[in-house]
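Observations on the model geometry
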Amino acid sequence: MTPTAPPPVHPVDEVPPVRQLAAFGLQHVLAMYAGAVAVPLIVGGAMKLSAADLAYLITADLLVCGIATLIQCVGFWRFGVRLPIMQGCTFAAVSPMVLIGTTGGGLPAIYGSVIVAGLAIVLLAPVFGRLLRFFPPLVTGTVILIIGLSLLPVAGNWAAGGVGSAEFGEPKNLALAGFVLAVVLGVQRFAPVFLSRIAVLIGIVVGLAVAIPFGFTDFDGVGDADWVGISTPFHFGAPTFEASAIISMLVVALVTMTETTGDLIAVGEMTGRKIEPRSLADGLRADGLSTVLGGVFNTFPYTAYAQNVGLVGMTRVRSRWVVATAGGILVLLGLLPKLGAVVAAVPAPVLGGAGLVMFGTVAASGVRTLARVEFGDNHNLTVVAVSVAVGMLPVGVPTVYAKFPDWFQTVMNSGISAGCLTAIVLNLLFNHLAGKGGSVGGDPADTVGLAGGGEQDAVEKSREEVV
């Protein structure tokens, strides 16, 4: 009797050779490092913390980034989506945390609100999981497109030298970024398959090698950094729980859950492992647990990092164990500050050249998803147009909501959450409520099926007609 062949392993669950794991993992770390350390730098700088405290915040952040990534990729019980997802501090929480920290509450009040927000995310995760039916390809494609377009200005700022740089916009910065971009594209086009999959890492390494003799960076910070640094719970004091701080952080929690939902769906599309309500809830639950750990270990709320979504799409390396390896590297960087200082020495223009490819890939993936949606005789084009416009508004005009209440700014200043909420509402308005009026030809039920882009909707409708 012929033995039954084992079922094929899904690319998400494949374990590449060790040398590939290390190279691919390091590539993910370099793609997200600048964003990962930016949040503690901004919050700590606004609170006028000492250099030693700032360094402590950064090492604590890297440590929990790594742990959070491992929880999300490897998973245990009902925690973790088990997809190649990098975790990092969310920028949506920056403004509320600065406000809490500078108006008397200090870091203990920030950490108290972060812990409560993390617990709330864990409890709300199943509710969000059941909302997955409101994310058909029309909505998910639009959200993925907005994620990519929202990140492109980040790459542009890096390419110009980094926000706040005295030499911002200097031609030499853009020349270095352009050189890195050319290297990445050249490796992708002409190198063997393995090398093409680490094109971003090669571009960054080559760019760093060119940047050093031209004075773009130095390694003075490496000598000043400690060899070992361990983050201890409640280093800045026991957390305090203030109502106003908790409320503002709960709003942030809803925003980050919306953003994470978009990121998880995007990675599901890219890897061929569709997100289901249960897996979405597991991913959000991991976000909540990581956020609680952030409050305990002196750092901030965590979410899926869209920067690395683009890297998955560009390299086509879909293994979650690659990103788990990146999480392990982040843990090492958090425990060994000297290693973190080496990575921090990579100049912004080098990251900018690589970022243009990665973030553009995210936007292109959104366009690919939208190609499956029917745009004839319905309002789907309007849904995409208005959602992208609303999502790009705070990106193009950062101060557009400056006169609005803080809670409104928390939600709408994130182009990703603003565009995502708009897409969901407009899809409901034009497609699920089409029978109330304003439909464009055809049976409203047909429009819903097309809006869901989902062949499943059409199949279910056909079955009902047969019955």
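See the structure above.
Heads up: these notes are all about the structure in this document. (Residues numbered from 1 in each chain as written. Predicted model: local features only at pLDDT ≥ 70, side-chain atom pairs only at ≥ 80, totals over all residues. Heavy atoms only, no water.)

Further remarks concern the packing of helix H5 (residues 137-159) against helix H15 (residues 348-370). When two helices pack together, their arrangement is given by the angle between their axes and by how far apart the axes lie. For the pair H5 and H15, the least separation of the axes is 7 Å and the interaxial angle reads 165 degrees. Classified by the angle their axes make, H5 and H15 are roughly antiparallel. You can see that H5 and H15 cross each other, and the crossing is left-handed. Here the contact of H5 with H15 is composed, by residue class, of 21 nonpolar, 10 polar and no charged. (Axes fitted to C-alpha atoms, helices over the stretch in contact; angles between N-to-C directions. Helix = DSSP H or I, 4+ residues; strand = E, 2+ residues; numbered from the N terminus. Parallel < 35°, antiparallel > 145°, perpendicular 65-115°, else oblique. Left-handed = near helix turned anticlockwise from the far one by under 90°. Nonpolar A, V, L, I, M, F, W, Y, C, P; charged D, E, K, R; others polar.)

Before going further, it helps to spend a moment on helix H10 (residues 243-271). If you check H10, its first and last C-alpha atoms are 41 Å apart, about what 29 residues at 1.5 Å a residue would give, namely 42 Å. Within H10, 22 of the 29 residues are buried, leaving the element largely enclosed by the surrounding structure. The positive-phi residue at the C-terminal boundary of H10 is Gly 272, with phi of around 80 degrees. (Expected span 1.5 Å × (residues − 1). Buried < 20%, exposed > 50% of the residue type's maximum accessible area, 1.4 Å probe, protein only.)

This brings us to the packing of aromatic side chains. In total, this model carries five aromatic pairs according to the counting rule given. Judged by centre distance (5.2 Å) and plane angle (20 degrees), the rings of Phe 76 and Phe 79 are stacked. Judged by its relative accessible area of 43%, Phe 76 is partly exposed. With a centroid separation of 5.6 Å and an interplanar angle of 90 degrees, the aromatic rings of Tyr 401 and Phe 404 are classed as edge-to-face. For Phe 404, a relative accessible area of 39% corresponds to the partly exposed category. Three or more aromatic residues joined by ring pairs form one cluster here, namely Phe 76, Trp 77 and Phe 79. (Phe/Tyr/Trp six-rings, centres within 6.5 Å; stacked < 30°, edge-to-face > 60°.)

Given a rise of 1.5 Å per residue, 20 residues ought to cover 28 Å, and the 28 Å separating the end C-alpha atoms of helix H6 (residues 171-190) matches this to within 8%. Those residues of H6 lying buried are Asn 173, Leu 176, Ala 177, Val 180, Val 183, Val 184 and Val 187. Down the axis, H6 shows its buried residues gathered within 115 degrees of arc, on one side only. Relative to its buried face, H6 has exposed residues pointing more than 90 degrees away, namely Pro 171, Arg 189 and Phe 190. In this structure, the buried residues of H6 make contact with H5, helix H7 (193-197), helix H8 (199-211), helix H12 (306-315) and H15. (Arc of directions from axis to C-beta. Contact = heavy atoms within 4.5 Å.)

To continue, consider the pattern of salt bridges. Evaluated as defined, the whole model comprises six salt bridges. Residues Arg 320 and Asp 13 are paired through a salt bridge, measuring 2.9 Å at the closest nitrogen-oxygen approach. Within this pair, whereas Arg 320 is found in helix H13 (residues 320-335), its partner Asp 13 is found in the segment before helix H1 (18-46), the two being separated by 307 residues in sequence. Here Glu 269 ties to Lys 274 by a salt bridge, and the two come within 3.3 Å at their closest N and O atoms. Taking relative accessible area as the criterion, Lys 274 reaches 45% and is therefore assigned partly exposed. Each of Asp 13, Arg 273 and Arg 320 takes part in salt bridges that share partners, so that together they form one network. (Salt bridge = Lys/Arg side-chain N within 4 Å of Asp/Glu carboxyl O.)

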